[in-house]
Amino acid sequence: MIGNSVAHMAPLDDAGTAVDLTRLHSWKPRNFIEAIDLKERDGLWHSTWSVGDTRKDDYHLGYATGPTPQGPWTHHGILLEKRPEEGIYCTGHHSILCLPGDEWILAYHRWAMDGGAGWRREVMFAPLEFDGDGLLRPVVPTHDWCRR
């Protein structure tokens, strides 16, 4: 999947060497810029993406769910955002890892703590948790680079 304001998704052809454009699906996640990620859990698809510009301190992750990889999508707001009171900015461009035992980990970057900006970033890892409805709970970034 790729895009910049519009997300595009298409499967590979049978040989696995080219995109099957006859099955292209495009949509516009709310305020989508880049780095879309789709994961399925218990029949519900979770879509997360970067919002804003990585050079700006309010870069963050949007979140929606849907019954299929093509939606329709229900927007749930922000999954991860800055914490200025902690000096944490520019939390975005991510990937979600699904590990055995239903353990989900969010890998994302933020500005480096010692004078970082859009070109100086740190990679962070945080656990993802689900609420009683199967939705991802918002992630609160901390200074720990890897939490479990």
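Throughout what follows, the structure given in this document is the object of discussion. (Residues numbered from 1 in each chain as written. Predicted model: local features only at pLDDT ≥ 70, side-chain atom pairs only at ≥ 80, totals over all residues. Heavy atoms only, no water.)

## Details of the sheet that holds strand S10 (residues 121-128)
The following threshold applies: Here the rule is simple: two strands pair whenever DSSP picks up at least two bridges between them. In DSSP terms, a helix is any run of H or I states spanning at least four residues, a strand is any run of E spanning at least two, and both are numbered starting from the N terminus. Lines fitted to C-alpha atoms define the axes here, with helix axes fitted over just the stretch in contact, and angles between the N-to-C directions of these axes take values from 0 to 180 degrees.
Strand order in the open sheet made by the three strands is S8-S9-S10, with antiparallel pairing throughout. Across the chains shown, the open sheet's two edge strands, defined by having one partner strand only, are strand S8 (92-99) and S10. Across this sheet, the average inter-strand angle for adjacent strands is 20 degrees, counted without regard to direction. Of the strand pairs in this sheet, S8 and strand S9 (residues 103-111) are connected by six bridges, and their pairing is antiparallel. Following the sheet pairing, Gly92 is matched in S9 by His109.

## Description of unusual backbone geometry
Rules: Exposure categories follow from relative accessible area, calculated using a 1.4 Å probe and restricted to protein chains: below 20% of the type maximum is buried, above 50% is exposed, and the middle band is partly exposed.
The omega torsion across Gly71 and Pro72 is 0 degrees, close enough to zero to call that bond cis. Locating Pro72 in the fold gives a position in the loop between strand S6 (60-66) and strand S7 (74-80). Even without a glycine there, the phi angle at Asn31 is positive, about 60 degrees. Considering the arrangement of structural elements, one finds Asn31 in the loop between strand S3 (25-27) and strand S4 (32-41). Look at Asp42: it is not a glycine, yet its phi comes out positive at around 50 degrees. Look at Asp42 and you get exposed, because its relative accessible area is 70%.

Shape is all these values report; function is a separate question.
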